[in-house]
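Structure at a glance
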Amino acid sequence: VAGGAVEMSDESRAVVWRDFDKALANRSYVFQLDLSSQCLKKLPDDIGKLNKVTVVNLSQNDLNEASLGEEFFELHNLTSLDLSHNRFKHLPPCLCMFLELQRLDIRGNDFESPLAQADMVRDLFPSCDVVY
């Protein structure tokens, strides 16, 4: 590959990283991040440095709209986001930053109207599969 870049195999893209510190140390190879069931109240400050990530699972934590932080919205390649079973009351407006989003799971949160939240996402991303 030109310029000394390492070509990514489909196999390396299939690796799911569950340890954030290890993922950060290997960020050039991180495409899937699973931080589920880690009792998180906020996301790590450096999460935006994982700029190749396409799939993020944040399910079963203690997150809400304030927990995400600005750096999270730097994950511009995100195609799949699992926010299920957290404490979201509404979806953060910054979701519109994820232009490639194809799947969003918002089940088990504290929404007054999960259907209204799902409709909002579908208005932004007509082809997005919203699970609510």
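The structure reproduced in this document is the subject of the present report. Note that this is a predicted model, so its numbers are computed, not measured. (Residues numbered from 1 in each chain as written. Predicted model: local features only at pLDDT ≥ 70, side-chain atom pairs only at ≥ 80, totals over all residues. Heavy atoms only, no water.)

Time to look at the packing of aromatic side chains. Under the counting rule described, the total for this entry stands at 3 aromatic pairs. Residues Phe72 and Phe73 carry aromatic rings whose centres are separated by 5.4 Å and whose planes lie at 75° to one another, so their mutual orientation is edge-to-face. Phe73 sits in the buried class, given a relative accessible area of 10%. A centroid spacing of 5.5 Å and a plane angle of 80° characterise the contact between Phe72 and Phe98, whose relative ring orientation is edge-to-face. You can see Phe72 sitting in helix 3 (residues 69–72) and its partner Phe98 sitting in the loop between strand 4 (80–82) and strand 5 (103–105), a full 26 residues away along the chain. The same class applies to Phe72 as to Phe98, namely buried. One aromatic cluster is present, formed by Phe72, Phe73 and Phe98 through successive ring pairs. (Phe/Tyr/Trp six-rings, centres within 6.5 Å; stacked < 30°, edge-to-face > 60°. Buried < 20%, exposed > 50% of the residue type's maximum accessible area, 1.4 Å probe, protein only. Helix = DSSP H or I, 4+ residues; strand = E, 2+ residues; numbered from the N terminus.)

This brings us to the environment of Leu104. Position of Leu104 among the secondary structure elements: in strand 5. With sequence-adjacent residues up to four places away left out, Leu104 is seen in contact with Leu81, Leu83, Leu91, Leu95, Val121, Cys128, Asp129, Val130 and Val131. (Contact = heavy atoms within 4.5 Å.)

Okay, unusual backbone geometry next. We note that Ser37 has phi near 55°; this positive angle belongs to a residue other than glycine. Inspection of the secondary structure puts Ser37 in the loop between strand 2 (32–34) and strand 3 (55–57). The exposure class of Ser37 is partly exposed, given its relative accessible area of 45%. The backbone of Cys39 sits at a positive phi, close to 55°, despite the residue not being glycine. Take Cys39: it is sitting in the loop between strand 2 and strand 3.

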